[in-house]
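Below, each chain spelled out in residue letters.
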Amino acid sequence: MSVFDDLVGQQPVVAQLQAAADAAGRIVAGNDRGSSAMTHAWLFTGPPGSGRSVAARAFAAALQCEQGGCGHCAACTQALGGTHPDVAVVVPEGLHLLVNDAREVILRSSRAPTRGRWQVTLIEDADRMEERTSNTLLKAVEEPPPHGVLLLCAPSVEDLLPTIRSRCRLVPLRTPPFEAVAEVLVRRDGIDPAMAAFAARAAQGHIGRARRLARDEQARRERSDVLSLPRSLQGIGSAMQAAKDLVDAAQAEAARLTGDRDTAEKEALSTALGGGATGKGYTGGTPRGGAGALKDLEKRQKSRGTRTSRDALDRALVDLAAFYRDVLTIQLRTGTALIHDDLGEQAATIARATSPESTVRRIDAVLACRTALEGNVAPLLAVESMALALRTG
Ligand SMILES: [Zn+2]
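It should be emphasised that the depicted structure is a prediction, and the values quoted were computed from it without experimental measurement.

Cut-offs and rules
- Residues numbered from 1 in each chain as written.
- Predicted model: local features only at pLDDT ≥ 70, side-chain atom pairs only at ≥ 80, totals over all residues.
- Axes fitted to C-alpha atoms, helices over the stretch in contact; angles between N-to-C directions.
- Helix = DSSP H or I, 4+ residues; strand = E, 2+ residues; numbered from the N terminus.
- Parallel < 35°, antiparallel > 145°, perpendicular 65-115°, else oblique.
- Left-handed = near helix turned anticlockwise from the far one by under 90°.
- Contact = placed C-beta atoms within 7 Å.
- Pairing = 2+ DSSP bridges.
- Expected span 1.5 Å × (residues − 1).
- Buried ≥ 20, exposed ≤ 12 C-beta atoms within 10 Å, placed from the backbone.
- Right-handed = clockwise from strand over helix to strand, strands pointing away.
- Core = buried A, V, L, I, M, F, W, Y, C linked by C-beta atoms within 7 Å.
- Domains from an automatic or database assignment.

So, about the packing of helix α7 (residues 178-189) against helix α8 (residues 193-202). Interhelical geometry of α7 versus α8 gives an angle of 135° and a closest axis separation of 8 Å. Regarding the angle of α7 to α8, the classification is oblique. Helix-helix and strand crossings are classified by hand; for α7 and α8 the assignment is right-handed. From α7, Phe 178, Val 181, Ala 182, Leu 185 and Val 186 reach across to α8, where they touch Pro 193, Ala 196, Ala 197, Ala 199, Ala 200 and Arg 201.

Here's what the structure looks like:
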């Protein structure tokens, strides 16, 4: 057993990280033989779902483990579970990583590790750093404390300032093969092999998404709804309606995913502030000083909701693009396996009724919509313009 067991289909990365953890262990033990396998700043890149943060967490555990990542000692368990005192994990919840959060992180990373090994700081979605935040972080990368290790995760190297990425060692993850994803769903999650194979393919190698598709019937229904869109696009009216449905569905999905957590957080805050109690400072209604904290929380939750809903919409667009890729595959008779295997009939119907050139235009329209959303265009506007371009009638 090893902390790297869950890194699906990433053998070169596992070898790289294992070597680094071994070298790090020798440095801690004081018998470093000048190996260059270990360094202070790392950048984990790869498409969403490739396991960037899984890899970074596993590496953090391997650095804290006396056996280089055995997977079962206290250090491993704590690091993987997010409770190790020398591993700080920063997950930007909203659309941006705020400069104040970054300062706190950097302050913390300069402290000596409490357990004498490494002070690890892991930043997920480092691409969501504002420029000011990046500049704060740059200082930490330029002058790393002796036992500080910074792990950054981002979709690609281009997502970070050149000054930061040039100081990081790159850990490039790839989209894992469908078979490897299906295998892990069966082995670790006990999912039926046929369902695992379907989900791995439909999720296009995104492990988290595959797991959700395999386990959650609602997630499968949402996917079917998205993929029924191409058939419903006839006239302008139906295109506009379909666009609205798609945006509404993404919002509903986000509400479903964040709703329980929002409520729990509000209740926790209210308890912490003495709400519902009659203790000191409680004046009925909102506790004194609580209004600011509540407003703060609501702001964070709103930002998280917006992001979750955008992520849901983006996933829908990825599914749609794959559907038109299937249409093109049929039109060009390439013999390549379809991604949305279960919708082969629908793809074939559209393939017969349209030309390969128009399919390429439709794929472009979906990708343009993703780019527009990244650039903060209002979701409904962007999706309407895409739906109009996807029309067949
Ligand atoms: Zn261990």
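Anyway, onward from the coordinates.
Right, let's talk about the sheet that holds strand β2 (residues 87-90) for a bit. Taken in spatial order, the five strands line up as β2-β3-β4-β1-β5 in an open sheet, and their pairing is parallel. A single partner strand is all that each edge strand has here, and the edge strands are β2 and β5 (169-172). Along the sheet, successive strands turn relative to each other by an average axial angle of 15°, direction set aside. Direction of pairing for β2 relative to strand β3 (residues 119-123): parallel, over a ladder of four bridges. By the bridge assignment, Val 89 is partnered in β3 with Leu 122.

So, on to helix α2 (residues 52-64). Taking 1.5 Å per residue, 13 residues should reach 18 Å; α2 reaches 19 Å between its end C-alpha atoms and fits that length. What α2 keeps buried is the set Arg 52, Val 54, Ala 55, Ala 56, Arg 57, Ala 58, Phe 59, Ala 60, Ala 61, Ala 62, Leu 63 and Gln 64.

So, on to the pairing of strand β4 (residues 148-154). Counting buried positions along β4 yields seven of seven residues, so the element is predominantly enclosed. Going residue by residue along β4, you find Gly 148, Leu 150, Leu 152 and Ala 154 tucked away on one face and Val 149, Leu 151 and Cys 153 tucked away on the opposite face as well. Sheet analysis places strand β1 (residues 41-45) next to β4, joined by five bridges and oriented parallel. What sits directly across from Trp 42, in β4, is Leu 151. Pairing of β3 with β4, which is carried by five bridges, proceeds in the parallel orientation. Bridge pairing in β4 places Ile 123 opposite Leu 152. Each parallel crossover has a hand, and the one from β3 via helix α5 (residues 131-142) to β4 is right-handed.

Attention shifts here to unusual backbone geometry. Of note, Gln 204 is a non-glycine position whose phi angle comes to about 50°, a positive value. Mapped onto the fold, Gln 204 is located in the loop between α8 and α9 (207-215). Notably, Asn 376 is not glycine yet its phi reads approximately 70°, a positive angle. Relative to the helices and strands, Asn 376 resides in the loop between α15 (356-374) and α16 (379-390). Looking at Asn 376, the number of C-beta atoms within 10 Å reads 10, which means it is exposed.

What follows is about the nonpolar core. Grouped together as the largest cluster of nonpolar side chains are 69 residues, with contacts concentrated most on Ala 55, Leu 151 and Leu 152. The greatest single-element share of this core, amounting to nine residues, is contributed by α2. Taken domain by domain, this core gets at least three of its residues from each of domain 1 (3-172) and domain 2 (178-215). Those residues within four positions of Ala 55 in sequence are excluded, and the remaining contacts are Leu 7, Gln 10, Val 13, Leu 17, Phe 44, Val 171 and Leu 173.

So, on to the domain arrangement of the protein chain. Interface size is often expressed as the accessible area that is lost when the parts come together. Looking at the protein chain, the domain boundaries give domain 1 (3-172), domain 2 (178-215) and domain 3 (236-390). One C-alpha centre belongs to domain 1, the other to domain 3, and the line joining them spans 29 Å.

On to the packing of helix α1 (residues 11-29) against α2. In helix packing, the relevant descriptors are the interaxial angle and the interaxial distance, both defined with respect to the helix axes. Put simply, α1 and α2 touch, their axes get as near as 9 Å, and they point 25° apart. Relative to α2, the element α1 is oriented roughly parallel. Two packed elements cross with a definite hand, and for α1 against α2 that hand is right-handed. Contact with α1, carried on its side by Val 13, Leu 17, Ala 21 and Ala 24, involves Ala 55, Phe 59, Ala 62 and Leu 63 of α2 and no other residues of that element.

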